[in-house]
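# Descriptive analysis of the structure
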Amino acid sequence: MPDRAAPGLTAAEVAERVARGEVNDVPVRSSRSVTEIVRANVFTRFNAIIGVLFLIILVVGPIQDGLFGFVIVANTLIGIVQELRAKKTLDSLAVIGEARPTVRRDGTATEIPTGRIVLGDLIELGPGDKCVVDGDVTEAEGLEIDESLLTGEADSVLKRPGDTVMSGSFVVAGGGAYTAARVGREAYAAQLAEEASRFTLVASELRSGISQILKYVTWMMIPAAIGLVISQFVVKGNDWREAVRRMVAGIVPMVPEGLVLLTSVAFAIGVIRLGRRQCLVQELPAIEGLARVDVVCLDKTGTLTEGGMDVRELRLLNGHDGGHEGYEAYVGQVLGALGATDPRPNASLQAIIDAYPRPDGGDGAEGDGWRSRDVLPFSSARKYSGATLDAPGGDRATWLLGAPEVLLAEGDPALGQVDELNAGGLRVLLLARTEAPAENATDTSEGHPDGRSDGPLDGPRAVTAVALVVLEQRLRPDAADTLRYFADQKVAAKVISGDNAVSVGAVAAKLGLPGAAQALDARRLPAERTGMATALEDGTVFGRVSPRQKRDMVGALQTRGHNVAMTGDGVNDVLALKDADIGVSMGSGSEATRAVAQIVLLDNSFATLPSVVAEGRRVIGNIERVARLFLVKTVYSVLLAVLVVCVRVEYPFLPRHLTLLSTLTIGIPAFFLALAPNKERARPRFVRRVMRYAIPAGVIAGAATFTAYLLARHHYTGRGALQAETSAATLTLFLIALWVLAIVARPYTWWRIGLVLAMALGFLIVLATPWLQHFFALRLVGTAMPWAAVGIAAVASAVLEWVWRRIAAGGGDPAS
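Residues numbered from 1 in each chain as written. Predicted model: local features only at pLDDT ≥ 70, side-chain atom pairs only at ≥ 80, totals over all residues. Heavy atoms only, no water.

A few words now on the overall build of the protein. Along the protein, the regular secondary structure elements total 27 helices and 21 strands. Relative to its 816 residues, the protein shows a buried fraction of 58%. For the protein, restricting intrachain contacts to residue pairs at least 6 apart in sequence, the fraction spanning at least 24 positions comes to 73%. (Helix = DSSP H or I, 4+ residues; strand = E, 2+ residues; numbered from the N terminus. Buried < 20%, exposed > 50% of the residue type's maximum accessible area, 1.4 Å probe, protein only. Contact = heavy atoms within 4.5 Å.)

Turning to its location among the elements, Arg-476 is positioned in the loop between β15 (464-475) and α15 (479-488). Classification of Arg-476 as buried rests on a relative accessible area of 13%. Separated by 129 residues in the primary sequence, Arg-476 and Ser-605 have C-alpha atoms spaced 8.5 Å apart.

So, about the packing of aromatic side chains. One pass over the structure, following the stated rule, counts nine aromatic pairs. Here Phe-671 and Phe-672 contribute two aromatic rings whose centre-to-centre distance is 6.2 Å and whose plane-to-plane angle is 85°, an arrangement assigned as edge-to-face. Note on Phe-671: relative accessible area 30%, which makes it partly exposed. Phe-672 sits in the partly exposed class, given a relative accessible area of 46%. Ring-pair connections join several aromatic residues into one group, and the members of that group are Tyr-330, Trp-370 and Trp-399. When the ring centre of Tyr-693 is taken as reference, the NZ or CZ atom of Arg-628 above it lies at 4.4 Å. (Phe/Tyr/Trp six-rings, centres within 6.5 Å; stacked < 30°, edge-to-face > 60°. Lys NZ or Arg CZ within 6 Å of the ring centre and 35° of its normal.)

So, on to the nonpolar core. Leu-290, Ile-599, Phe-606 and Trp-804 are the most contacted members of the largest nonpolar core, which has 132 residues in total. Once residues within four sequence positions are removed from consideration, Ile-599 is found in contact with Cys-279, Leu-280, Ala-286, Leu-290, Ile-582, Gly-583, Val-584, Ser-585 and Val-612. Among the nonpolar cores identified, the runner-up in size contains 27 residues, and Leu-314, Val-331, Ala-391 and Val-469 belong to it. (Core = buried A, V, L, I, M, F, W, Y, C linked by side-chain atoms within 4.5 Å.)

A contiguous nonpolar surface patch, about 400 Å² in accessible area, is contributed by Val-34, Val-38, Val-42, Phe-43 and Leu-84. At three residues, helix α2 (residues 34-42) tops the list of elements feeding residues into the nonpolar patch. With respect to the helices, strands and loops of the structure, Leu-84 is situated in helix α4 (residues 67-97). Of the residues examined, Leu-84 reaches a relative accessible area of 30% and is grouped as partly exposed. (Patch = residues over 30% accessible without salt bridge, like charges linked within 9 Å, V, L, I, M, F, W, Y side chains within 5 Å. Areas by Shrake-Rupley, 256 points an atom, 1.4 Å probe, with all protein chains shown as cover. Salt bridge = Lys/Arg side-chain N within 4 Å of Asp/Glu carboxyl O.)

Once that is clear, we can look at the side chain of Thr-482. Relative to the assigned elements, Thr-482 resides in helix α15. Residues in contact with Thr-482, not counting those within four places in the same chain, are Phe-606, Ala-607 and Pro-610.

Right, let's talk about the environment of Ser-231 for a bit. By the secondary structure assignment, Ser-231 is in helix α7 (residues 205-236). According to the relative accessible area criterion, Ser-231 is buried, its value standing at 8%. A sequence separation of 415 residues divides Ser-231 from Cys-646, and the C-alpha atoms of the two residues are 8.8 Å apart. Setting aside residues up to four positions removed in sequence, Ser-231 forms contacts with Val-644 and Val-645. Among the polar contacts made by the side chain of Ser-231, one reaches the main-chain carbonyl oxygen of Leu-228 at a distance of 3.1 Å. (Polar contact = N/O pair within 3.5 Å; in protein donor to acceptor, adjacent residues only side chain to side chain.)

A few words now on the confidence of the model for the protein. Of the residues in the protein, 87% have a pLDDT of 70 or more, and the chain-wide mean is 80. Ignoring residues within four places in sequence, the model shows residues 362-367, a span with pLDDT below 50, making 15 contacts including any to other chains. Counting contacts from residues 441-460, a segment whose pLDDT is below 50, to residues more than four positions away or on other chains yields 47 contacts. (pLDDT = per-residue confidence, 0-100.)

This part takes up the pairing of strand β19 (residues 564-568). Most of β19 sits inside the fold, with five of its five residues counted as buried. By the alternation rule, side chains of β19 split into Val-564, Met-566 and Gly-568 and Ala-565 and Thr-567, which are all buried. Pairing of strand β9 (residues 295-298) with β19 involves four bridges; the strand directions are parallel. Within β19, the position partnered with Leu-298 by the bridge is Thr-567. Summarising the sheet, β19 and strand β20 (residues 582-586) pair through four bridges and their orientation is parallel. Pairing of Ala-565 across the sheet is with Ile-582, part of β20. (Pairing = 2+ DSSP bridges.)

In a beta sheet, neighbouring strands are held together by backbone hydrogen bonds and run either parallel or antiparallel to one another. Strand order in the open sheet made by the eight strands is β8-β21-β20-β19-β9-β16-β18-β17, with mixed pairing throughout. Each end of this open sheet is capped by a strand with a single partner; those strands are β8 (279-281) and β17 (520-521). Of the strand pairs in this sheet, strand β16 (residues 492-496) and strand β18 (residues 541-543) are connected by two bridges, and their pairing is parallel. Within the sheet, the bridge partner assigned to Ile-496 lies in β18 and is Phe-542. Packing against the sheet, helix α16 (residues 501-510) makes contact with β16, β17 and β18, and its axis sits at approximately 145° to β18. (Axes fitted to C-alpha atoms, helices over the stretch in contact; angles between N-to-C directions.)

To continue, consider unusual backbone geometry. At the junction of Arg-746 and Pro-747, the peptide bond is cis and its omega measures out at -5° in the coordinates. With respect to the helices and strands, the residue Pro-747 is situated in the loop between α24 (721-744) and α25 (750-768). Even without being a glycine, Asp-106 presents a positive backbone phi close to 55°. Counting through the fold element by element, Asp-106 comes out in the loop between β1 (102-105) and β2 (108-111). Despite not being glycine, Asp-374 shows a phi value in the positive range, around 50°. If you trace the backbone, Asp-374 turns up in strand β11 (residues 371-376). With relative accessibility at 44%, the residue Asp-374 sits in the partly exposed group.

As a packed pair, α15 and helix α21 (residues 609-647) sit with axes 10 Å apart at the nearest point and diverge in direction by 30°. By the criterion of interaxial angle, the relationship of α15 to α21 is roughly parallel. Counted together, Thr-482, Tyr-485 and Phe-486 of α15 and Leu-609, Pro-610, Val-613 and Ala-614 of α21 form the full contact between these two elements. For the contact of α15 with α21, a count of residues per class yields six nonpolar, one polar and no charged. (Parallel < 35°, antiparallel > 145°, perpendicular 65-115°, else oblique. Nonpolar A, V, L, I, M, F, W, Y, C, P; charged D, E, K, R; others polar.)

This part covers the packing of α21 against helix α23 (residues 686-715). Two numbers describe how α21 lies on α23: the axes approach to 7 Å, and their chain directions differ by 40°. Classified by the interaxial angle, the pair formed by α21 and α23 is oblique. Here the hand of the crossing between α21 and α23 comes out right-handed. When the residues that make up the contact of α21 with α23 are grouped by side-chain class, the tally is 21 nonpolar, three polar and three charged. (Left-handed = near helix turned anticlockwise from the far one by under 90°.)

If you check which residues of helix α12 (residues 347-355) are buried, you get Ser-348, Leu-349, Ala-351 and Ile-352. Burial along α12 is one-sided: seen end-on, the buried residues are contained in an arc of 155°. (Arc of directions from axis to C-beta.)

Before going further, it helps to examine the pattern of salt bridges. Close approach of charged atoms allows side chains with opposite charge to pair. For the structure on display, the rule yields 25 salt bridges. Through salt bridges with shared partners, one network takes in Glu-16, Arg-20 and Glu-22.

Turning our eyes to something else, we now look at the pairing of strand β14 (residues 427-434). Taken across its eight residues, β14 has eight buried, putting it largely inside the fold. Here β14 shows no split at all, with Arg-427, Leu-429, Leu-431 and Arg-433 on one side and Val-428, Leu-430, Ala-432 and Thr-434 on the other all buried. Alignment of strand β13 (residues 396-402) against β14, held across five bridges, turns out to be antiparallel. Each bridged residue has a counterpart across the sheet, and for Leu-401 the counterpart in β14 is Leu-431. In the sheet, β14 pairs with β15 via seven bridges, with the strands oriented antiparallel. Across the sheet, residue Arg-427 finds its bridge partner in β15, namely Leu-471.

Structure representation (structure tokens):
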């Protein structure tokens, strides 16, 4: 055990350092600040355009033509409020999941937040702990630290007193303590850690796709707006106020401002919903990313099984059962002494400690009777631990505890019993004895002068099998249902575990995972990626996987075009979690896994994953759905502007008309559709799919509306003709836009049908209410032209239906 004589700083020394500002004050943020949220929602390119146009309308009047400005204000406020709610949810969850390192002060070990560490603090380390600041090792016993997240070097590094540790690295084996030498922003990885933990809107195919669309819209809008400005002044002559109003009416609907807002709102509400399920989304695109995943790699322990285990049987092997009961008691004392050597036991060792308490009842392995030396901590790469023990009678031997197939030579008779037990889903550890020191007992490494192993060993040297410790794992009650959900959603589940392959396969089989019976030992997988990828696609369960192999397996699947999610809770999962498209950590997992994962399940429930997938699919599917509504409006607005410029007529609408149409056929419906349930699987090429629908629909709507407008210009004459012409064109465009909404709202449910009918009713109320007619300058004159407008809209809707069905047949779109 490490020497814990060093008491750490005193309270007075801590207070002195706090006064000097020598505190680890790097802000750990899970979301954007309030200022950033307000700035991001208010100061946008399109808000600037709309704001200028709104000011112009305030000058030329009347106020009803400036309604679009109030809509933008309302939308922006909605976006700010929703993101602030998401921030509150994330910040509260981040406090729950925040790492709390153990710091020794005044001789007492206490867990404190990372922000309260001061320069010179003595910080204790154990397996899975993340180094939160830079420092120098003070105490070490088999302390192995993985610095791959900083240096890219995969091998763990054995640390001795005096060696340095860097923030961002984590402990894979052993224990010790180190003194904080650089805190706050002076720490090596402080800026990287702060950036990695920040709530971010980047690296999202959905958001990048929308940005690409907006870029195209901007390039279309500029020439159309210029042409419209010139044409309206030329056509209207001296009536500049009317020309300005018509010009603004042509520009405003080209801006799909609500599309960006609804994307942010949908994501923010997704974060809030998941937060209520105790799911911390550390990076916003993770919601979207998990919805695109088609392969989920699961670590068995802590994911399919609960963390705790129970010792079911201690089976003495041949040659060690003489005087059976007496020797079994002796072996139990050995197990108890071995358990006492590890201050932070894993689940397997904890089960052994519970079944076989320390033999002399002391607090450590240095009590009366049993004494330990040359302790070799457990590591995932070695797959065993050990120590040299002095028994009360003076007997000294080195004992090893770990994976039987690693410690025993191939063909050993004991392996037959191990296979039988593994086939029943039980976990088996071997207790072996050797006369060699622990670090050299099974040494087959060549590159490590300290005797450490690079990974699973081919065979031991002079190791004698003594007993099998049979452990029973507790299956998670919700694991079977979760696996069935992934199967139904066509997401392949791959169980990747460091345990025995047969045992892992048996556990997976109990949960009903297809292909679990053909479990593979990962040590026999091809080393090159092509062969490994083929084996991974064909297989389902893989055992005896080393940490480095987990990372390689994720990479191999990615080379085949798979979107891979990785779940885990131990330090052996960190590298794979980091490289996976989406990393999911359990809240009870190590600090290292929580640090690199994009999603943390704070309630440790594997059953939460379907909720995350469903939330991602809801966001992506619905945003794609409403994007069609916004972009159809953009396309027909640009087309109408071009036709007006070419034909040199007045623009058919005032801003108030298009505000009414946009509100009833896009704004209100889009808000409800964006938040509705949606189980459609996320697919790539978002921009291409959306534009395939938006362009033809917009062209049809624009052409039909302009046809109705030209027909009305020939039909109406005299005073009030322009208002009658505008009313006929507005009726045509509304009916076509309503049909676009009806198509986008599919598949129908009662509330979607009700939504479409409610929007139609709203327009009828405007047409039937005298003061609303006056407010929106809408009045249908006569019967011939209004019915002609309805007929044109009906024909356009039929063409629209035919075109969309053809596109759906070619692309298999589920919305049509």
